[in-house]
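Each chain, letter by letter, is given below.
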Amino acid sequence: MYDELLRRNLPRVEERVAAALARAGRDGAVRLVAVTKGHGVAAVRAAWSAGIRDVGENRVQELEAKRTGYEAAAPADATGERPAWHLIGHLQRNKVRRALKLFDVIHSVDSLRLARELSKEAARAGEPVQALVQVNVSGEGTKGGFEPSRVIDDIAAVAALPELTVHGLMTMAPFTDDEAEIRRTFSATRELLERCAAADIALSGRDLSMGMSSDYEIAIEEGSTMIRLGTILFGEREQ
Ligand SMILES: *Cc1c(COP(=O)(O)O)cnc(C)c1O
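Residues numbered from 1 in each chain as written. Predicted model: local features only at pLDDT ≥ 70, side-chain atom pairs only at ≥ 80, totals over all residues. Heavy atoms only, no water.

A. How the structure looks around the packing of helix α1 (residues 2-23) against helix α2 (residues 41-49). For the pair α1 and α2, the least separation of the axes is 9 Å and the interaxial angle reads 45 degrees. Judged on the interaxial angle alone, α2 and α1 are oblique. Handedness of the crossing formed by α1 with α2: right-handed. Side by side, α1 and α2 meet where Tyr-2, Asp-3 and Leu-6 of the first sit next to Ala-42, Ala-43, Ala-46, Ala-47 and Ser-49 of the second. (Axes fitted to C-alpha atoms, helices over the stretch in contact; angles between N-to-C directions. Helix = DSSP H or I, 4+ residues; strand = E, 2+ residues; numbered from the N terminus. Parallel < 35°, antiparallel > 145°, perpendicular 65-115°, else oblique. Left-handed = near helix turned anticlockwise from the far one by under 90°. Contact = heavy atoms within 4.5 Å.)

Pasting the structure below:
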């Protein structure tokens, strides 16, 4: 079922990604993170077969089960390669150690306390954590992430932590049909990344993780380098 869905949906998404890049006059690629939350391990396998190498989940527990299922069948894959797993949802500090064992990239570093805990546990594990700082440029209450008021200082503090490699910023647009408001959120996030560079904050990359099924084309027009797509690839989630 998922193979069939991807055969149908992925080329359409890829076309739209290319068109959005062209509209923005951008060359360079956008990384597609296939969000498999709410879908079983079959969705991950189908994504891998379709050539997708980045998979997103928003809960530690769910990926724990899914990775076990995925890896049980992995010997069948002669290459021994596996997807890079991206954590895109809020991470509780008491799950940091487990999360570091499971995920390759954490998009949702949304507080200094979490960042410090990640840094500490990464040092203990002897391996730096690859991360993005989640920002809430609209200041909307329901969204996670660093708030606008002192965000530059906060990003600087996160970037200065040992064993924590910050590749850029992540954001979510507000739930609204107002395209202008969505666009403002994405452009403000891109500007924030530029301000970080101007302030000599030593980020390890210039990634912008922005855009979901409903707004990825706008996000790409505004500079996104990583889009996180679930529904448009795999259909509605059960939960
Ligand atoms: C669920 C989720 C997505 C994917 O959402 P879709 O609308 O299904 O594409 C992207 N980013 C985050 C942070 C999510 O929680």
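Read on for the rest.
B. Expanded view of the side chain of Ser-108. Looking at where Ser-108 falls in the secondary structure, it is placed in strand β4 (residues 105-109). One polar contact links the side chain of Ser-108 to the main-chain carbonyl oxygen of Gly-89, over a distance of 2.6 Å. Beyond its immediate stretch of four places on either side in the chain, Ser-108 contacts Leu-87, Ile-88, Gly-89, His-90, Leu-114, Leu-132 and Gln-134. (Polar contact = N/O pair within 3.5 Å; in protein donor to acceptor, adjacent residues only side chain to side chain.)

C. Region of interest: the nonpolar core. Counting 46 residues, the largest nonpolar core has Phe-103, Ile-155, Val-158 and Leu-164 as its most contacted members. Not counting residues up to four positions away in its chain, the partners in contact with Val-158 are Val-109, Leu-112, Ala-115, Val-133, Phe-146, Leu-164 and Val-166. Membership of the second largest hydrophobic core comes to 21 residues, among which are Val-17, Ala-20, Ala-43 and Ala-46. (Core = buried A, V, L, I, M, F, W, Y, C linked by side-chain atoms within 4.5 Å. Buried < 20%, exposed > 50% of the residue type's maximum accessible area, 1.4 Å probe, protein only.)

D. Broad picture of the packing of aromatic side chains. What the rule picks out here adds up to two aromatic pairs. Arranged with centres 5.9 Å apart and planes meeting at 80 degrees, the rings of Tyr-2 and Phe-234 form a pair that is edge-to-face. Taken together, the residues span a long stretch of sequence, with Tyr-2 in helix α1 and Phe-234 in helix α9 (residues 231-234) at a distance of 232 residues. Phe-234 matches Tyr-2 in its accessibility class, with the two residues each being buried. Both rings, one in Tyr-70 and one in Trp-85, keep their centres 5.8 Å apart while their planes meet at 85 degrees; by these two values the pair is edge-to-face. In this pair, Tyr-70 is assigned in helix α3 (residues 60-72) and Trp-85 in strand β3 (residues 84-87), connecting sequence segments 15 residues apart. Tyr-70 gets classed as buried once you look at its relative accessible area, which sits at 7%. (Phe/Tyr/Trp six-rings, centres within 6.5 Å; stacked < 30°, edge-to-face > 60°.)

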